[in-house]
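The primary structure of each chain is shown beneath.
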Amino acid sequence: YGMHAWRTQADAEYVRDVGLHKTASYTTTWPLVTWALLAWKELSQLDKLIEFADRAWVIFQYVDDYLWIFGEPDTTWKSVVSDILEWKATLLSYYMWNKASDIERGSFRNYYWMTDADAKELSQIKHLLTDSWAVAYLHEQIDYEYELAIKLIPEITQESDYQQLLQSLLDYFIKRNK
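Bear in mind that the values here come from a model prediction, so they are computed numbers and not experimental data.

Novice: Describe in detail the overall build of the protein, supporting the description with residues and values.
Specialist: Secondary structure summary: the protein contains nine helices and zero strands in total. Within the span of the protein, comprising 178 residues, buried residues form 48% of the whole. Long-range contacts, defined here as pairs at least 24 residues apart, represent 71% of the contacts in the protein between residues at least 6 apart. For the protein, the exposed area adds up to about 9,800 Å²; of that, 52% sits on carbon and sulfur atoms.

As structure tokens, then:
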């Protein structure tokens, strides 16, 4: 699931699919489906709810990937850059890796072999991700998933309270800082 996989098969869709198959079902999709079934008793648009939940999870994961690098550790309770130091295939690192120059990739690769990063190294990692447009791309993908998820809400339910609840879930996933 790390950077080494990119040499043969990875693309942005691969990074998205890894998460969907690995954690989305038990962290977002099935809990949301279970809640809906208990709350609504009958759900004729189950396939739409599953698609919504998957998109909500992708939003959550992309924001999480951003916070692992750009968040404030005191707020997020996350070890900054741990995803990079652990060689996790995130959309940020994937995009930077594929858009960067050979020199930038070499610099980025060096961080994968470290056990910790100081403030200067963290700043360099942030610059590599920002300068390669990886951060902008990540935000574009978050917006894309959000727009598609929002369009699903009226197809899932016509009840305004439930629509507002689903909208609030998406808004929380995007605006959270931890």
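Novice: Give a description of the packing of aromatic side chains that names residues and reports values.
Specialist: Scanning all chains against the criterion turns up five aromatic pairs. Pairing Phe60 with Phe173 gives two aromatic rings, centres 4.9 Å apart and planes at 70 degrees, and the pair type is edge-to-face. With Phe60 in helix α2 (residues 46-70) and Phe173 in helix α9 (residues 160-175), this pair connects stretches of sequence that are 113 residues apart. Here Phe173 falls in the buried class, since its relative accessible area comes to 10%. Among the aromatic residues, those joined into a ring-pair cluster are Phe60, Tyr172 and Phe173. Its end group placed over the ring of Phe60, Arg176 keeps NZ or CZ at 3.8 Å from the ring centre.

Novice: Any chance you could break down helix α7 (residues 119-131) for me, citing the residues and the numbers?
Specialist: For α7, spanning 13 residues, the distance from its first C-alpha to its last is 18 Å, which sits close to the expected 18 Å at 1.5 Å a residue. Regarding α7, the residues found buried are Leu122, Ile125, Leu128 and Leu129. Summarising the axial view, the buried residues of α7 lie within an arc of 120 degrees, below the 170-degree limit, and thus occupy one face. Exposed side chains of α7 directed beyond 90 degrees from the buried face belong to Ala119 and Lys120. The positive-phi residue at the C-terminal boundary of α7 is Trp133, with phi of around 70 degrees.

Novice: Explain the nonpolar core to me, using residue names and the numbers behind them.
Specialist: Core analysis: the biggest nonpolar cluster contains 45 residues, and Leu49, Phe52, Leu91, Leu92, Met96, Leu129 and Leu170 have the highest contact counts within it. For this core, the secondary structure elements donating two or more residues are α1 (12-40), α2, α5 (91-99), α6 (102-111), α7, α8 (134-156) and α9. Residue contributions to this core peak at 12 residues, all from α2.

Novice: Could you give an account of the packing of α2 against α8, naming the residues involved and the relevant values?
Specialist: Packing of α2 against α8 brings their axes to within 9 Å, and their N-to-C directions diverge by 155 degrees. The angle between α2 and α8 falls in the class roughly antiparallel. The two elements α2 and α8 cross, and the hand of that crossing is left-handed. Split into classes, the residues belonging to the contact of α2 with α8 amount to 17 nonpolar, two polar and five charged.

Novice: An account of the pattern of salt bridges is needed here, citing residue identities and associated values.
Specialist: One pass over the structure, following the stated rule, counts four salt bridges. A salt bridge links Glu51 to Arg55; the nearest nitrogen and oxygen atoms lie 3.3 Å apart. Here the residue Glu51 and the residue Arg55 both occupy positions in helix α2, the gap between them amounting to four residues, near one helical turn. As a salt-bridge pair, Asp64 and Arg176 come within 3.2 Å of each other at their nearest N and O atoms. Here Arg176 lies in the segment after α9 and Asp64 lies in helix α2, a separation of 112 residues in the sequence.

Novice: So, the packing of α8 against α9: which residues are in play, and what are the values?
Specialist: In a packed pair of helices, the relevant descriptors are the angle between the two axes and the axis-to-axis distance. With their axes 9 Å apart at the nearest point, α8 and α9 run at an angle of 170 degrees to one another. Of the possible angle classes, the one that applies to α8 and α9 is roughly antiparallel. Facing α8, whose interface residues are Ile142, Tyr146, Ala149, Ile150, Ile153, Pro154 and Ile156, α9 presents Gln163, Leu166, Gln167, Leu170, Asp171 and Ile174. Here the contact of α8 with α9 is built from residues that sort into 10 nonpolar, two polar and one charged.

What counts and how
Residues numbered from 1 in each chain as written. Predicted model: local features only at pLDDT ≥ 70, side-chain atom pairs only at ≥ 80, totals over all residues. Heavy atoms only, no water. Helix = DSSP H or I, 4+ residues; strand = E, 2+ residues; numbered from the N terminus. Buried < 20%, exposed > 50% of the residue type's maximum accessible area, 1.4 Å probe, protein only. Contact = heavy atoms within 4.5 Å. Areas by Shrake-Rupley, 256 points an atom, 1.4 Å probe, with all protein chains shown as cover. Phe/Tyr/Trp six-rings, centres within 6.5 Å; stacked < 30°, edge-to-face > 60°. Lys NZ or Arg CZ within 6 Å of the ring centre and 35° of its normal. Expected span 1.5 Å × (residues − 1). Arc of directions from axis to C-beta. Core = buried A, V, L, I, M, F, W, Y, C linked by side-chain atoms within 4.5 Å. Axes fitted to C-alpha atoms, helices over the stretch in contact; angles between N-to-C directions. Parallel < 35°, antiparallel > 145°, perpendicular 65-115°, else oblique. Left-handed = near helix turned anticlockwise from the far one by under 90°. Nonpolar A, V, L, I, M, F, W, Y, C, P; charged D, E, K, R; others polar. Salt bridge = Lys/Arg side-chain N within 4 Å of Asp/Glu carboxyl O.

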